[in-house]
Amino acid sequence: MIGVVGPMWGKKLVVAAAVLASAPVQGATLEGSVGLDASVAYDDNFLHQADGVATPAGASREDLTSSTTLSAGAKLDLGRETLYLDGSAGLLRHLNNSRFDTEVYSISGGGSWKGDRCGADVSLSASRSPIELDDVIGVVSGDKSTYGIAASGNCAVGAHYSAGLSTDYAIIRTETDSALVSDGNHLGAKGHFSYTLDPLSHVGLSVGYQQWVSDAVEASQPDQSETRLVDVGISGKYRLGPKLTLSAQAALAHVFDALGDDLTTYVADAKLDWQATPKVSVHLGVSRSISSSVEIASSYVVSETAQLSANWTATPDIGVSAWVRYGSQSYSGSDQLDSLSSDFERTLLSTGVSASYHVNDHVAVKLAYSFKDSNSSLASGDYAANQVLLGLGLTY
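In short, a report on the structure. Source: prediction; values computed, not measured. (Residues numbered from 1 in each chain as written. Predicted model: local features only at pLDDT ≥ 70, side-chain atom pairs only at ≥ 80, totals over all residues. Heavy atoms only, no water.)

Counting its regular elements, the protein chain contains 0 helices and 19 strands. Counting over 396 residues, the protein chain shows a buried share of 35%. Within the protein chain, residue pairs in contact and separated by at least 24 positions form 54% of the contacts whose partners lie at least 6 positions apart. For the protein chain, the accessible area works out to roughly 20,400 Å², and carbon and sulfur atoms hold 62% of it. (Helix = DSSP H or I, 4+ residues; strand = E, 2+ residues; numbered from the N terminus. Buried < 20%, exposed > 50% of the residue type's maximum accessible area, 1.4 Å probe, protein only. Contact = heavy atoms within 4.5 Å. Areas by Shrake-Rupley, 256 points an atom, 1.4 Å probe, with all protein chains shown as cover.)

This is the structure in structure tokens:
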């Protein structure tokens, strides 16, 4: 769904709500922020339909989507420890396709600790968002609820060496208006060891494990799929010059699929950041990743993407950004939806430009345009779509 907009961009004025003079911890401080974001987006192909395809009864190819989001956050700094809580709630409304109207929310909280040689972070989160229109599930509305916990720790083990461990677990539930309900969970863990070359450069080794379990629940066809992934890789960040930085990681990965569709392949991610001038930055990124989908009939997805973006700070209050992205996805897995094969491929070309203007420290406006062109081995996945968005943000 193109017209989904989250909490707004740009400057947020973080207000020092109180310096806790009476707090039990000397020097503890509390900071808070609150914001209201509103936007209207016009889509000429909201349903992502191919040309010539009949629009379902009661639906419209074009639509005007409004998004209103209220957000708030607080951070308590206790010195070595920091606690935070952020939340948002919003409404999505559609002029022509009211079946996609929904309420969204997100809440996250956690804390961090920093010692002389070690540090640790832990967080809890919960969110609800609309599912993306997809050429497999078709014109189906619904919501995805995600509940997660994550923790990480890192310790310096020498003058230039450090080691760490991170883990996360998430429960994902997807409900649609076609009576399909998908329950899934994701478990991930990664250990790493790195060597610091200078304050801006490092190299490292990592070992990771991920597991996805998905249940597609239909009255006629209950089904479950499980996918596990193990990877061993290297990573690094290197300053090529005063204005140029390269970040990259690569790993050999093996996918264990419950249906026997195992795969040995590589995953990689590289990003080149160039600060061309004090006001202009350019970013080039390429990646190859493996993930799993609990929303559609697939045990794992191999994605390859390339993206070029540029940002221009015309004045302290005016910013312009532009981007172009090309990606391909290959789906493989069990047939959890009746009469549909989950083995298919898709390519997506997208581009866009946006401009934002900060009227003052509390008010910002944004105008954006984006274009998508999709091609899929499923005929229903061939479409083009344009969107124009106008937004307003208030922060205090």
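On to the pairing of strand 5 (residues 102-114). Both strand 4 (residues 81-94) and strand 5 contribute to a ladder of 12 bridges, which runs antiparallel. From the neighbouring strand, Ala-89 faces strand 5, where its bridge partner is Tyr-105. With 10 bridges connecting them, strand 5 and strand 6 (residues 118-130) associate as antiparallel partners. Bridged to Gly-109 within strand 6 is Leu-124. (Pairing = 2+ DSSP bridges.)

Glancing now at the nonpolar core. Grouped together as the largest cluster of nonpolar side chains are 9 residues: Trp-212, Leu-229, Ala-251, Ala-253, Val-255, Val-267, Ile-290, Tyr-300 and Val-302. Counting residues per element, the ones that place at least two in this core are strand 12 (244-257) and strand 15 (300-315). Looking at this core element by element, the count peaks at 3 residues for strand 12. The contact partners of Val-267, leaving out residues within four places of it in the chain, are Gln-249, Ala-250, Ala-251, Ala-253, Arg-288, Ser-289 and Ile-290. (Core = buried A, V, L, I, M, F, W, Y, C linked by side-chain atoms within 4.5 Å.)

The side chains of a regular strand alternate, first on one face of the sheet and then on the other. As paired elements, strand 7 (residues 142-156) and strand 8 (residues 161-176) share 15 bridges and run antiparallel to each other. Directly across from Thr-146, in strand 8, lies its bridge partner Ile-172. Between strand 7 and strand 8, which pair antiparallel in sequence order, lie 4 residues.

Okay, the side chain of Ser-281 next. As for its position among the elements, Ser-281 is in strand 14 (residues 280-291). Non-local contacts of Ser-281, meaning those with residues more than four positions away in its chain, are made with Trp-274, Gln-275, Ala-276, Ser-309, Ala-310 and Asn-311.

A disulfide bridge is the covalent bond that connects two cysteines by way of their sulfur atoms. All told, the structure shown has 1 disulfide when counted by the stated rule. Between Cys-118 and Cys-155 runs a disulfide, and the two sulfur atoms are separated by 1.9 Å. Taking the sign of the torsion about the S-S bond as the criterion, the disulfide between Cys-118 and Cys-155, at about 115 degrees, is right-handed. Here Cys-118, found in strand 6, pairs with Cys-155, found in strand 7; they are 37 residues apart in sequence, far enough to count as distant. The exposure class assigned to Cys-155 is partly exposed, which follows from its relative accessible area of 28%. (Disulfide = S-S within 2.5 Å.)

Moving on: the packing of aromatic side chains. Throughout the structure, instances matching the rule amount to 3 aromatic pairs. Centre to centre, the rings of Tyr-161 and Phe-193 are 5.7 Å apart; their planes meet at 25 degrees, and the pair counts as stacked. Taken together, the residues Tyr-161 in strand 8 and Phe-193 in strand 9 (residues 181-198) connect sequence positions 32 residues apart. Exposure remark for Tyr-161: the relative accessible area of 39% places this residue in the partly exposed category. According to the relative accessible area criterion, Phe-193 is partly exposed, its value standing at 37%. Ring centres of Tyr-161 and Tyr-195 lie 5.0 Å apart, and the angle between their planes is 45 degrees; this geometry places the pair in the tilted category. Separated by 34 residues along the polypeptide, Tyr-161 in strand 8 and Tyr-195 in strand 9 bring together distant segments of the chain. With relative accessibility at 30%, the residue Tyr-195 sits in the partly exposed group. Through successive ring pairs, a cluster of aromatic residues spans Tyr-161, Phe-193 and Tyr-195. (Phe/Tyr/Trp six-rings, centres within 6.5 Å; stacked < 30°, edge-to-face > 60°.)

Right, let's get into the layout of surface pockets. Considered as a void within the structure, the second largest pocket measures approximately 620 Å³ in volume. Lining the second largest pocket are 33 residues, with Lys-190, Ser-206, Ile-234, Ser-235 and Gln-249 positioned closest to its centre. The set of elements that each furnish at least two residues to the lining of the second largest pocket consists of strand 9, strand 10 (201-217), strand 11 (223-241), strand 12, strand 13 (263-277) and strand 14. Classifying every residue of the lining of the second largest pocket gives 12 nonpolar, 16 polar and 5 charged. (1 Å grid on protein atoms, 1.4 Å probe; cavity = no way out; pocket = protein on both sides within 12 Å on 5 of 7 lines; lining within 4 Å. Points joined across faces, edges and corners; volume = space filled by probe spheres on them. Nonpolar A, V, L, I, M, F, W, Y, C, P; charged D, E, K, R; others polar.)

Checked against the element boundaries, Ser-112 lands in strand 5. Separated by 39 residues in sequence, Ser-112 and Ala-151 place their C-alpha atoms 9.6 Å apart.

It is worth spelling out unusual backbone geometry at this point. Of note in the backbone geometry, His-48 takes a positive phi value of approximately 55 degrees without being a glycine. Secondary-structure assignment places His-48 in the loop between strand 2 (29-43) and strand 3 (63-77).

On the surface, Leu-85, Tyr-105, Ile-107, Val-122, Leu-124, Tyr-147, Ile-149, Tyr-169, Ile-171 and Leu-187 cluster together into a nonpolar patch covering about 850 Å² of accessible area. For the nonpolar patch, the secondary structure elements donating two or more residues are strand 5, strand 6, strand 7 and strand 8. Here Ile-107 lies in strand 5. (Patch = residues over 30% accessible without salt bridge, like charges linked within 9 Å, V, L, I, M, F, W, Y side chains within 5 Å. Salt bridge = Lys/Arg side-chain N within 4 Å of Asp/Glu carboxyl O.)

Counted under the stated rule, the structure contains 8 salt bridges. Among the salt bridges present, the one from Arg-128 reaches Asp-143, with a minimum N-O distance of 3.0 Å. Remark: Asp-143 occurs in strand 7 and Arg-128 occurs in strand 6; sequence separation between them is 15 residues. With a closest N to O distance of 3.9 Å, Lys-271 and Asp-273 form a salt bridge. With relative accessibility at 21%, the residue Asp-273 sits in the partly exposed group.

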